[in-house]
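Residue-level listing of the chains:
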Amino acid sequence: MKTLRGSSLSVVLSGALLALAGTALAAESPAGQPVTIGTSYRIDSALLKQQRPLHVYLPPSYAEGKQRYPVLYLLDGGVQQDFLHVAGVASLAADYRNIREFIVVGIETLDRYHELVHPSEVGLERERLPTAGGSQKFRAFLASELLPFVQQQFRVTDESVLMGESAAGLFVMETFLQQPDLFQGYVAISPSLWWNQQSLAATAPGFSKRADYRNKRLYLSIADEGGTMQDGMNQLVNALKAEAPAGLQWQYRPMPQENHGTIYHPAVLDAVRTLFAIQPAH
């Protein structure tokens, strides 16, 4: 018992000494300045009946004049999600890295599987994710409320790109196949094409006959996923190879050296370099 008490006391004393040391260091630390890379907003959505958080990165040159900028709309774009990662990549454009400056609008997801995926007929998926299946309504929110808000509040061009990874990548591809006029460009990174027995990928054949894809751009990438995700991607790519119209620019950049947890950063950088590249002067 004495040994146990002695060990316990040692831990208490050590913790107290560390706390005192931390307090002393904090007292000696110089006054700092917050690092700001964006601004958060909330918009009232009548359609979704809730306030929706948005996080916006503006290029450094935005405040200097009246120039308009293309916009990257980022799904899962909360501060605790992917906004800071992508805003950091966007900031490279200010350092003349052959990337045009662009605005990032981070669309924070609150119930991501409800907002980003279509309904499933698979019982296990419905049991595991009972709120899933609201992607059509969320897309209507983007079209009727979010996009008009951004267009009214910021100096933007007609060039807009929707980006997402995993479930958000599935939403990107669903939008591309069902409502391609909503955005000018699409970036889908390791999209969750396994969902609902690959039902979205199964709709890819004949896509070019159902909508106008002139002047649209698509960037696809996938990690070493295997299984039904890769099978679904193969269906999409085969449909693109077979029938992509001349006006559609698309790239498929598989990254087998990456896994689902590591692909996001390299794919984002590659997609930004591809879609926002500075065009050579003629």
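The model shown is predicted, which means the values in this text are computed figures rather than measured ones.

Analysis parameters
- Residues numbered from 1 in each chain as written.
- Predicted model: local features only at pLDDT ≥ 70, side-chain atom pairs only at ≥ 80, totals over all residues.
- Heavy atoms only, no water.
- Phe/Tyr/Trp six-rings, centres within 6.5 Å; stacked < 30°, edge-to-face > 60°.
- Helix = DSSP H or I, 4+ residues; strand = E, 2+ residues; numbered from the N terminus.
- Buried < 20%, exposed > 50% of the residue type's maximum accessible area, 1.4 Å probe, protein only.
- Lys NZ or Arg CZ within 6 Å of the ring centre and 35° of its normal.
- Salt bridge = Lys/Arg side-chain N within 4 Å of Asp/Glu carboxyl O.

K.L.:
Tell me what's going on with the packing of aromatic side chains, and back it up with residues and numbers.
P.N.:
Tallied over the entire structure, the rule returns 13 aromatic pairs. On the basis of an interplanar angle of 10° and a centroid distance of 4.2 Å, the ring pair of phenylalanine 102 and phenylalanine 276 is categorised as stacked. One end of the pair, phenylalanine 102, is in the loop between helix 2 (83–91) and strand 4 (103–107); the other, phenylalanine 276, is in the segment after helix 10 (264–275), with 174 residues separating them in the sequence. Here phenylalanine 102 and phenylalanine 276 have matching classes, each one buried. Ring centres of phenylalanine 138 and phenylalanine 141 lie 5.6 Å apart, and the angle between their planes is 40°; on these two criteria the pair is classed as tilted. Of this pair, phenylalanine 138 and phenylalanine 141 both sit in helix 5 (residues 135–153), separated by three residues, roughly a single helical turn. The residues phenylalanine 138 and phenylalanine 141 share a single accessibility class, namely buried. Counting every residue linked through ring pairs, the aromatic cluster contains Tyr73, Phe176, Phe183, Tyr186, Phe207 and Tyr213. Here arginine 112 stacks its cationic end above the ring of tyrosine 113, 5.5 Å away from the centre of that ring.

K.L.:
Requested: an account of the pattern of salt bridges, with residues and values cited.
P.N.:
Summed over all chains, the structure comprises six salt bridges. The closest approach of N and O atoms between glutamate 159 and arginine 100, which form a salt bridge, is 2.9 Å. Of this pair, glutamate 159 sits in strand 5 (residues 156–165) while arginine 100 sits in the loop between helix 2 and strand 4, placing them 59 residues apart in sequence. Given a relative accessible area of 24%, arginine 100 falls into the partly exposed group. As a salt-bridge pair, arginine 139 and glutamate 174 come within 3.0 Å of each other at their nearest N and O atoms. Placement of arginine 139 in helix 5 and of glutamate 174 in helix 6 (residues 167–178) is noted, with a sequence separation of 35 residues between them.

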